[in-house]
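# Observations on the model geometry
If you want the building blocks of each chain, they are given just below.
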Amino acid sequence: MICKIIFDKNNGVYIAGDTITGRVEVTINHPKNIRLISLIIRGKVEVKWSQTESYIEFGESKTKSVIYSSEEDYLNSEIILFGKHGGPANHLPVGTHSYAFTCVLPLGLPGTIVGDYGKIWYDAKVKISHGIAPFAIDDTFKRDFTVISMVNLNQDRTLNIPSEVKKIEKYRNWKLTTSPIVLKAKVPKSGFAIKEVIPITVNIKNLSTVDIKGVHAKLVKEIVFTSRSPQRRNKMEKSKIVSKKYDLTAKRKKETIDIAFKLTVPQTPLTGCQSSFIKISYHVEVVVYVSGFHSTVQISIPVTLGTYPIGSGLSENTVIPQIATPISNMLPPVNFPRTSPMLIPERIYMHPTAPPASYSSLNLDDSIETPPPTYHEVMYGWQGNEMEEQKPSAPSY
């Protein structure tokens, strides 16, 4: 028996709010008695890490390993393609049997992400049941797909104004405090889309006697994982997404140095992630390295990564849910029929023979000039030619 889950989008990458269309193809070489063929669209967040903690027992200090975890379902919708739950086995003849399906993803759905301490994943799972339950062994087939969360940069007008940060660092030379190094960094706006260029203007005034060796600009991602059991705790993962360095050894004696950086935003999960247990934030970090054992000068500018560039795609009046609603809050009544084409959550519906649903009211495709990202780009990062350094976060699963 061969089972294929085929998405009409070959790369299997969708934006929250998109309509997933496709088909399930089951090929058998010999006639079989099948009780049920069903398709389940699933989405889930899982957070887990362990840490060693100290405690006192009978006056003696001891340590133990504590596991912190969270999990929650965001999608779990089933459609019956053949047969029914609890029904008799039916004859399925030799050949390839095709079943079409349609599924609308909610706008507030969190994006796919894989980190060191958790992940948000989505897949389509086909279950084929033989014979009579409970003695039958089910065959299962799965295929992952990727969801990119919808983050509307046009809803926050402050993201379209320049942002500048300044820092003054003083150094001590023997017993005297020297004049400072003054570092300024500026971006023309703080909201950017994937593959958009972040221009960074850096101004350094070295009024001290300390030599400047180099400057480093980078886009940094911070992920905060939150546990629910045994208690609420946070765990942070920090990684450099893309960066550029300049060697300033030849200019170390100059009093004023101006540098213009350009960092291209790679494929990466968007700001926020719209999950209660995984939050993502980004900032531009500029670091000035100096000679000797003196400390570096470092400043950060928060930036927001969204679905489309400011001024295109979505209007500021388009409302997007900020947190995805877990399906535990949207469960149907106990006597809800299991063969219904719409189970949970409320915004999801699937019909094996229905045409693809229209979702053109947002006109999302009008401003898209590049093809959608591949699964590999979303999970491992986009490889561009303009970046001198790039270290995408590697999945841990």
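Here's a quick rundown of the structure.

Analysis parameters
Residues numbered from 1 in each chain as written. Predicted model: local features only at pLDDT ≥ 70, side-chain atom pairs only at ≥ 80, totals over all residues. Heavy atoms only, no water. Pairing = 2+ DSSP bridges. Helix = DSSP H or I, 4+ residues; strand = E, 2+ residues; numbered from the N terminus. Axes fitted to C-alpha atoms, helices over the stretch in contact; angles between N-to-C directions. Phe/Tyr/Trp six-rings, centres within 6.5 Å; stacked < 30°, edge-to-face > 60°. Buried < 20%, exposed > 50% of the residue type's maximum accessible area, 1.4 Å probe, protein only. Polar contact = N/O pair within 3.5 Å; in protein donor to acceptor, adjacent residues only side chain to side chain.

### Digging into the sheet that holds strand β17 (residues 197-206)
Backbone-to-backbone hydrogen bonds pair the strands of a sheet. The strands run either parallel or antiparallel. Sheet architecture is open: four strands sit in the order β12-β15-β17-β20, paired in antiparallel fashion. If you trace the sheet from one side to the other, it starts and ends with β12 (163-169) and β20 (256-264), each paired once. For this sheet, the mean inter-axis angle between neighbouring strands, taken without regard to orientation, is 15°. Sheet analysis places strand β15 (residues 181-187) next to β17, joined by six bridges and oriented antiparallel. Bridge pairing links Lys186 to Thr201 in β17.

### Re the packing of aromatic side chains
When we look at a pair of aromatic rings, we describe it by the centre distance and by the angle of the planes. According to the stated counting rule, one finds nine aromatic pairs in the structure shown. Geometrically, the ring pair formed by Phe7 and Phe145 is edge-to-face, given 5.7 Å between the ring centres and 75° between the ring planes. With a gap of 138 residues between them, Phe7 in strand β1 (residues 2-7) and Phe145 in the loop between β10 (139-144) and β11 (146-148) connect regions that are remote in the sequence. According to the relative accessible area criterion, Phe7 is buried, its value standing at 1%. Overall, the relative accessible area of 1% leaves Phe145 in the buried class. Ring centres of Tyr117 and Phe225 lie 5.7 Å apart, and the angle between their planes is 80°; on these two criteria the pair is classed as edge-to-face. Separated by 108 residues along the polypeptide, Tyr117 in the loop between β8 (113-114) and β9 (118-130) and Phe225 in strand β18 (residues 212-226) bring together distant segments of the chain. Tyr117 gets classed as partly exposed once you look at its relative accessible area, which sits at 23%. For Phe225, a relative accessible area of 0% gives the class buried.

### Considerations on the side chain of His283
Counting through the fold element by element, His283 comes out in strand β21 (residues 278-290). Of the residues examined, His283 reaches a relative accessible area of 9% and is grouped as buried. Reaching out from His283, the side chain makes a polar contact with the side chain of Glu285 at a distance of 3.2 Å.

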